[in-house]
Number of protein chains: 4
Amino acid sequence: MASRSPSPKLSREATVKTVGLIVKRGKPEAVTLAHRIRDRYRHLTFLTEQATAAELGLPPLGANEALGERCELLVVLGGDGTLIHAARSLRGHPVPILGVNLGRLGFLTEVPIIDLFTVLDDVLQGRFSVEPRMKLSVRLVREGARVLEDEVLNDVVINKGALARIADHELTVDGERVATYKADGVIVSTPTGSTAYALSAGGPIVHPALDSILVSPICSHALTQRSLVLPPHRTVSIRLASEVADVYLTIDGQVGYPLQSGDVVEVQRSHNRVHLVRNPHVGYFGILREKLHWGL
Amino acid sequence: MASRSPSPKLSREATVKTVGLIVKRGKPEAVTLAHRIRDRYRHLTFLTEQATAAELGLPPLGANEALGERCELLVVLGGDGTLIHAARSLRGHPVPILGVNLGRLGFLTEVPIIDLFTVLDDVLQGRFSVEPRMKLSVRLVREGARVLEDEVLNDVVINKGALARIADHELTVDGERVATYKADGVIVSTPTGSTAYALSAGGPIVHPALDSILVSPICSHALTQRSLVLPPHRTVSIRLASEVADVYLTIDGQVGYPLQSGDVVEVQRSHNRVHLVRNPHVGYFGILREKLHWGL
Amino acid sequence: MASRSPSPKLSREATVKTVGLIVKRGKPEAVTLAHRIRDRYRHLTFLTEQATAAELGLPPLGANEALGERCELLVVLGGDGTLIHAARSLRGHPVPILGVNLGRLGFLTEVPIIDLFTVLDDVLQGRFSVEPRMKLSVRLVREGARVLEDEVLNDVVINKGALARIADHELTVDGERVATYKADGVIVSTPTGSTAYALSAGGPIVHPALDSILVSPICSHALTQRSLVLPPHRTVSIRLASEVADVYLTIDGQVGYPLQSGDVVEVQRSHNRVHLVRNPHVGYFGILREKLHWGL
Amino acid sequence: MASRSPSPKLSREATVKTVGLIVKRGKPEAVTLAHRIRDRYRHLTFLTEQATAAELGLPPLGANEALGERCELLVVLGGDGTLIHAARSLRGHPVPILGVNLGRLGFLTEVPIIDLFTVLDDVLQGRFSVEPRMKLSVRLVREGARVLEDEVLNDVVINKGALARIADHELTVDGERVATYKADGVIVSTPTGSTAYALSAGGPIVHPALDSILVSPICSHALTQRSLVLPPHRTVSIRLASEVADVYLTIDGQVGYPLQSGDVVEVQRSHNRVHLVRNPHVGYFGILREKLHWGL
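Residues numbered from 1 in each chain as written. Chains lettered and ligands numbered in written order. Predicted model: local features only at pLDDT ≥ 70, side-chain atom pairs only at ≥ 80, totals over all residues. Heavy atoms only, no water.

> Can you walk me through the confidence of the model for chain A in this structure?
Any segment with low pLDDT has predicted coordinates that should not be analysed in fine detail. Residues and elements named next belong to chain A. For chain A, per-residue confidence averages 91 on the pLDDT scale, and 95% of positions sit at 70 or higher. Every residue in residues 1-9 scores below 50 in pLDDT, and together they form 30 contacts with partners more than four places removed in sequence or on other chains. Taken over the whole predicted complex, pTM reads 0.94, whereas the ipTM for its chain interfaces reads 0.93. (pLDDT = per-residue confidence, 0-100. Contact = heavy atoms within 4.5 Å.)

Here it is in C-alpha cells:
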C-alpha cells in the first residue's frame with residue numbers, strides 16, 4: 001500500500017541546498033523559467049543534465065554522476081513526458097519531483113506557472129507533501145537470459161508495427177495461465193499510467209494510491225478481453241507465442257526495443273517509487289475533472 | 001490486503017459436525033442433490049433455512065437462530081444468485097461456503113456436480129483452502145439519519161426506473177468531490193462484483209485478491225466517465241443531487257429501496273469477508289476463460 | 001436516401017402566414033422570447049398548443065385541430081426535448097421546424113438566441129434549407145393484435161425497471177433471427193437518435209443523411225453484442241422471450257407503456273420525416289464538435 | 001443501395017465453363033481440395049494465379065492476363081484473408097466468388113468443406129444467389145499529386161509504427177471539417193470491414209446491405225471520438241496534420257505504404273462491387289452468432 005509519508009530525502013525539517021532542474025527540450029519558455037528560478041533562489045545550488053547544461057549556463061554533471069545523488073529536489077519544467085524522462089534520470093533515488101506545466105495541466109505536472117513561486121517557496125521551507133507513485137520493474141527474457149531490465153512510472157507496452165500481423169500474447173500471472181491475447185498489443189500500467197495510453201485503449205482509471213498492476217489489450221480480437229486490475233505483488237508475464245516481426249517493447253513511451261518470437265516480458269512492482277510534490281491547490285480528482293472535461 | 005489463510009471457523013484440524021445446506025428455490029435437482037449429500041454423510045448434522053426446511057425434511061431453524069452461528073460449513077446448491085443470498089444469510093459469520101453449480105459454471109459457484117463428492121470429502125477432512133472475498137458495507141443517509149445499513153458481496157447499485165429521468169449522482173471520495181455523473185445509475189462493486197453488473201456496464205475485471213472499490217457509471221451522458229478503481233480504505237459517497245422519482249438502491253441484486261432527492265449512499269469496505277471454498281481443479285483465471293469464452 | 005429538397009409545405013416561393021410557436025414548459029425566457037417574436041412579426045398569425053395558449057396570450061387551437069394542419073412553420077423555443085415534443089405534435093405534417101436553444105446548443109435546436117431574428121428573417125423570405133430527418137414507426141403487438149402504434153424521431157427503448165430482472169430480448173430482422181440480448185434493454189434509434197441515449201449505451205454516431213436503423217443493447221451480458229446498423233427498409237422485431245415484470249416501452253423518451261412477456265415491438269422506417277430548418281452558421285459536424293468537446 | 005441481382009457475368013441461365021481457383025499459400029489441404037474439385041468437374045477448365053499454377057498442375061496465366069477476365073466463377077480455398085487477396089486479383093471484374101473455409105467459419109468464406117460439392121453443384125447449374133458487397137476506392141494525394149490509387153473490400157487503415165508518436169489526423173467529409181483525431185490511427189471501412197479491424201477498435205457492426213462508410217479512430221486520446229457511420233456518396237479525407245514518421249497506409253491488410261506529413265488519404269465508394277456466392281445454409285446473422293459467440 002502506498003505510504004503517504006514524506007520521502008526520506010526531504011523531510012519537513014531538512015534544508016534544501018541543491019536543486020536539480022530539468023527543462024523540456026526545444027522549449028524556450030522552459031529555459032527562461034529556469035533562469036527566473038535561479039534569479040529568485042540565489043542561495044541555492046542548481047544542477048541539470050549534461051544535455052541542457054550549456055543552455056541553462058550551469059556546470060555539467062560529471063560523466064558518472066546521477067542527478068538523483070546530488071540534489072534534494074528536482075524541478076521539472078515541461079509536460080508529463082518531460083517529468084517521466086526526469087523521473088527516469090533519478091535512477092531510483094527518492095528525490096521529490098515538482099512538476100511545472102508550461103501549458104495545459106498535466107496528469108503529473110500539477111503546478112501551473114502562476115503558482116510556481118508560491119509553491120516553491122513553501123517547498124523550500126518544508127511546507128509540502130509528496131505523493132509516492134508506484135513504479136513497475138520490467139525484464140525482457142530471451143532464451144532464458146535477461147536482455148533488458150528497466151523501471152517505469154507509466155507503462156510497459158508491447159506493440160506491433162503498422163504493417164505487422166497481430167501477435168499471440170500469452171499472459172500468465174505468477175505462472176498461472178490467464179489468456180492469449182490476439183491483439184495489436186498489450187499495455188501493462190501502473191495506476192499512474194492508467195490515465196495515459198491504457199485509457200485510450202479502453203481501460204479504467206486506477207487511483208494512484210491503490211497499488212496494483214493494470215493489464216489492457218490493445219484492439220483485441222476477442223471482444224470480451226477487458227482490462228484486468230491485478231494485485232501489486234503478482235508477477236505478470238507476457239510471452240510472444242506466435243511468429244512475430246516488427247513487434248516492440250516500449251518503456252514509458254521513451255525507449256523501444258525490438259522483440260522476437262518466444263520473448264517473455266516480465267513485470268513486477270518496483271521497490272522504488274516516484275515522489276511527486278503535490279500542488280495543494282489541485283487534487284487528483286480535480287485533475288481528472290479538468291483533463292477529462294467532466295465538468296462540462 | 002486479502003489474507004489467504006483459512007477462516008477461523010474451519011481450520012485444517014477442525015472437524016466439521018454441522019453443515020448448512022442452501023438450495024436454489026424451485027429447482028428440484030437442488031433438492032435431490034441435498035438428499036444425496038445427506039445420505040452420503042450420515043454422521044453429520046444438516047441445517048437449512050426455514051423456507052426450505054420442509055422440502056429438505058430438515059428441522060427448521062429457530063426464529064432467532066442464524067445459519068452462520070450454527071454450522072461450520074455452508075454448502076450452496078444453485079447458481080451465483082443463490083450463493084449471494086446464502087452469503088447474506090450468514091450475517092458476517094466467517095463460515096466457509098462451498099458453491100456447487102447445477103448447470104453452467106458460475107463466477108462464485110466453482111464446483112460442478114461431477115466434482116461435488118470428491119471436493120466435499122476433502123473439505124470434511126480439512127484438505128481445502130478458502131479464498132476470502134472482500135465485502136462492502138453500505139449506508140443510506142437521509143436528512144442526516146441512517147435509514148438503511150447492509151453488506152454486499154457483489155455490488156451496490158443506484159438505478160433509475162425505465163420511465164424516470166436521468167439523475168445527477170454527485171460522487172465524493174473521503175469528502176473530496178470527484179464528479180457528477182448524469183447517468184442511468186452508478187454501480188459500486190467489490191472485486192467479486194466486477195464480473196457481475198459492472199462488466200456489462202463497461203467496467204474492468206478486478207482480481208478478487210486486490211482489495212479495492214470499483215465505481216462504474218451506467219450509460220453516462222459524459223462519454224469520458226470511465227470506471228474508477230479506488231483504494232479499499234476510502235469512503236465513497238453518492239448524493240442524488242437532482243429532483244428524482246423512481247430511483248432505487250439495490251443491494252446485491254436482492255433488496256431494493258426507493259431513493260429520494262438529497263439521499264446519500266455511503267459505501268466502505270466491510271470488516272467481514274465471505275470465505276469461498278476453492279475448487280482445486282479450477283482457478284480464478286480458468287473461470288474467466290470459461291465464462292468469457294477467452295479460449296475460443 | 002434522405003432527399004435534401006425543401007419540404008412541400010414551405011418552398012422558397014411560398015409566403016409564410018401562420019407560424020406555430022411551441023415553448024418549453026416552466027421556462028419564463030421561452031415565453032418572453034415568444035412575445036418578442038410576435039412583436040417583431042406583427043403581420044403573421046401565431047398559433048400554439050392548448051396548454052400554453054393562455055400564457056402566450058394566443059387563442060387556443062380547437063379540440064380537433066392539429067398545429068401541423070394550420071401553420072407553415074413551427075418555431076420551437078426550448079431544448080431538444082421540447083423539439084421532439086413539438087415534432088410529435090405535427091402528426092406527420094411536413095411543416096419545417098426551427099429549433100431555438102435557450103441555453104446550450106442542442107443536437108436538434110441549432111439556432112442560438114443571438115441568431116434568432118437573422119435566421120427567422122431569412123426563413124420568412126424563403127431563404128433557408130431544411131434537413132429532412134428519418135423517423136421510425138413502431139408497433140406493439142400483443143397476442144397478435146396491435147395495441148400501440150406511434151412514430152419517433154429519436155428512439156424506441158425497451159427498458160427494465162430498477163429492480164426488475166434482466167429480460168431476454170429476441171431480435172429478428174425481416175423475420176430472420178439475429179440474437180437474443182440478455183440485457184437491461186434494447187434501443188432502436190434513427191440516425192438522429194444515435195447521438196441521444198444510444199451514444200450513452202456505447203453506440204456509434206450515424207450521420208442523419210444515412211437512412212438506417214441502429215440497434216443497441218443496454219448493458220448486455222454478452223460483451224460481444226455491439227451496436228448493429230441496419231438498412232432502412234428492414235423490419236426490426238424484438239420479442240420479450242422471458243418472463244418479465246416492470247419492463248417498459250418508451251417512445252422518444254416521452255411516452256411509456258408497460259410490456260408483458262411475449263410482447264413484440266416492431267420497428268420500421270416511417271413514411272414521414274421531420275423537416276428541420278438548418279442554421280446556416282453551424283453544420284452537423286460543428287454541433288458534434290461542440291457537444292462532444294472534440295475541439296478540446 | 002446494394003442491388004441484390006445476380007452479377008452480370010453469371011446469370012442463372014449462363015453456363016460456367018471456366019473456373020478460377022485460388023488457394024491459401026502454404027496450406028496443403030487447400031491444394032488437395034483443389035485437386036478434388038478438378039477431378040469432380042472434369043468438363044470445366046480451371047485457371048489459377050501464376051504463383052500457384054505449378055503446385056496445382058495448371059497452366060500459368062499469361063503475364064498480362066487477369067483471372068477476372070478469363071473465368072466466370074472464382075473458387076477460393078482458404079480464409080477471409082485469402083478471399084480478400086482473391087477479390088483484389090479480379091481487378092473489378094464482376095466474377096462471383098465462392099469462399100470455402102478450410103477451418104473455422106469466416107465472415108466472407110461462408111461455405112464449409114462439408115457443403116462444398118453440394119453448393120458447387122448448385123452454382124454450376126445456376127441455382128444460387130450472390131451478395132454484392134460495397135468496395136471503397138482510396139487515393140493517396142501528396143503535394144497535390146495522386147501517388148497511389150486502389151480499391152478495398154474491408155478497410156483502409158492509417159496506422160503508426162510501434163515507436164512512433166501519435167499523429168494528428170484531420171478528418172473532413174465532402175470538404176467540411178469534422179474533427180482532428182489524435183490517435184494511433186484511423187480505420188475507414190466498408191460494411192464488410194466493420195467486422196474486421198474496426199470491430200477490435202470499438203466500432204459497430206454495419207450490415208453489408210447498407211451502403212455506408214465507417215470511420216473509426218484507433219485508441220483516440222479524446223474518449224468521445226466514437227465511430228462515425230457516413231452516407232456512401234460522401235468523400236472522406238484524412239490529412240496527416242502533424243509531423244509524422246513511421247506512419248503507414250494499409251490497404252485491406254495486404255499492401256503497406258509509408259506516409260508523410262501533409263499526405264491526404266481520400267476515400268469514396270467504388271463503382272465496383274465484390275459478388276459473393278451465398279451459402280444457402282447460413283445467413284449473415286448466423287455468421288455473426290457463430291463468430292461472436294452470441295449463442296453461448
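> Please clarify how the environment of Pro258(D) should be interpreted in this entry.
Residues and elements named next belong to chain D. Examined against the element boundaries, proline 258 turns out to sit in strand E17 (residues 255-259). According to the relative accessible area criterion, proline 258 is partly exposed, its value standing at 48%. In this structure, the C-alpha to C-alpha distance between proline 258 and tyrosine 248, residues 10 residues apart in sequence, is 4.4 Å. Residues contacting proline 258, with those up to four places away along its chain left out, are Arg142, Val247 and Tyr248. (Helix = DSSP H or I, 4+ residues; strand = E, 2+ residues; numbered from the N terminus. Buried < 20%, exposed > 50% of the residue type's maximum accessible area, 1.4 Å probe, protein only.)

> Help me understand the state of the cysteines, please; the structure alone is not making it clear to me.
Every disulfide links exactly two cysteines, by a covalent bond between their sulfur atoms. One pass over the structure, following the stated rule, counts zero disulfides over all chains. You can see Cys219(C) has no disulfide; the closest cysteine sulfur is in Cys219(B), sitting 4.5 Å from it. Using a relative accessible area of 8% as the deciding quantity, one classes Cys219(C) as buried. (Disulfide = S-S within 2.5 Å.)

> How should the relation of the copies chain A and chain B be read in this particular structure?
Turning one copy of the chain about an axis and sliding it along that axis gives the other copy, so a rotation and a shift relate them. Overlaying chain A with chain B gives an RMSD of 0.0 Å, the required rotation being 180° about an axis along which the chain moves by 0.0 Å. The two molecules are tied by a two-fold rotation axis, judged by turn and shift. Proximity to the rotation axis, assessed at the C-alpha, singles out Pro204(A) in chain A; its C-alpha lies 3.2 Å from the axis. Here 100% of the contact residues of chain A are again contact residues in chain B; the copies associate through an equivalent surface. (Least-squares fit on C-alpha atoms with pLDDT ≥ 70 in both.)

> When you look at the interface of chain C and chain A in this model, what are you seeing that I'm missing?
Interfaces are often sized by the accessible area lost when the parts come together. Counting from both sides, the interface comprises six residues of chain C and, opposite them, six residues of chain A. Buried area between chain C and chain A, summed over both chains or domains, comes out near 610 Å², and the portion from carbon and sulfur atoms is 73%. One can count zero salt bridges joining chain C with chain A. (Buried area = accessible area lost by both parts, 1.4 Å probe. Salt bridge = Lys/Arg side-chain N within 4 Å of Asp/Glu carboxyl O.)

> Explain the side chain of Thr195(B) here, please?
Residue and element names in this part refer to chain B. Relative to the helices and strands, threonine 195 resides in the loop between strand E11 (185-189) and helix H6 (197-200). In this structure the side chain of threonine 195 is engaged in a polar contact, spanning 3.3 Å, whose partner is the backbone oxygen of threonine 192. Not counting chain neighbours up to four residues away, the residues in contact with threonine 195 comprise Phe107, Ile205, Tyr284 and Leu288. (Polar contact = N/O pair within 3.5 Å; in protein donor to acceptor, adjacent residues only side chain to side chain.)

> What's the story with the packing of helix H1 (residues 28-40) of chain B against helix H5 (residues 116-124) of chain B in this structure? I'm lost.
How two helices sit against one another is set out by the angle between their axes and by the gap between those axes. All names here are of chain B. At a closest axis distance of 12 Å, the pairing of H1 and H5 adopts a crossing angle of 45°. Judged by the angle between their axes, H1 and H5 are oblique. Judged by the twist between their axes, the crossing of H1 over H5 is right-handed. In this structure, H1 uses Leu33, Arg36, Ile37 and Arg40 to contact H5, whose residues at the interface are Leu116, Phe117, Leu120 and Asp121. (Axes fitted to C-alpha atoms, helices over the stretch in contact; angles between N-to-C directions. Parallel < 35°, antiparallel > 145°, perpendicular 65-115°, else oblique. Left-handed = near helix turned anticlockwise from the far one by under 90°.)

> Sorry, what's going on with empty space enclosed by the protein here?
A probe as big as a water molecule, rolled over the atoms, marks out the empty space that is left. Evaluated as defined, the whole model comprises 13 cavities of 30 Å³ or more. Of the volumes computed, that of the largest cavity is approximately 1500 Å³. Lining the largest cavity we find 49 residues, and of these Gly202(A), Arg226(A), Gly202(B), Arg226(C) and Gly202(D) sit closest to its centre. Elements that contribute at least two residues to the lining of the largest cavity include exactly helix H6 (197-200) and strand E13 (213-218) of chain A, H6 of chain B together with strand E13 (213-218) of chain C. (1 Å grid on protein atoms, 1.4 Å probe; cavity = no way out; pocket = protein on both sides within 12 Å on 5 of 7 lines; lining within 4 Å. Points joined across faces, edges and corners; volume = space filled by probe spheres on them.)

> Explanation requested: the sheet that holds strand E12 (residues 205-206) of chain A in the structure shown.
Strand order across the open sheet formed by seven strands is E12(A)-E14(B)-E13(B)-E11(B)-E8(B)-E16(B)-E17(B), with mixed pairing between neighbours. Whereas interior strands pair on both sides, the edge strands pair on one side only; in this sheet they are E12 of chain A together with strand E17 (255-259) of chain B. (Pairing = 2+ DSSP bridges.)

> What am I meant to see in the interface of chain A and chain B here?
Residue-level contacts link 36 residues of chain A with 36 residues of chain B. Taking both sides of the interface into account, the surface hidden between chain A and chain B amounts to around 3100 Å²; carbon and sulfur atoms contribute 62%. Broken down residue by residue, the surface that chain A buries against chain B is led by Arg226(A), Phe285(A) and Trp294(A), which jointly contribute 22%. Here chain A and chain B share 18 residue pairs in polar contact (both at pLDDT 80 or more) between them. Secondary structure elements with two or more residues in the side of chain A that touches chain B: strand E10 (176-183), E12, strand E14 (228-230) and helix H7 (284-291) of chain A. A class-by-class count of the residues in the side of chain A that touches chain B yields 20 nonpolar, nine polar and seven charged. (Nonpolar A, V, L, I, M, F, W, Y, C, P; charged D, E, K, R; others polar.)

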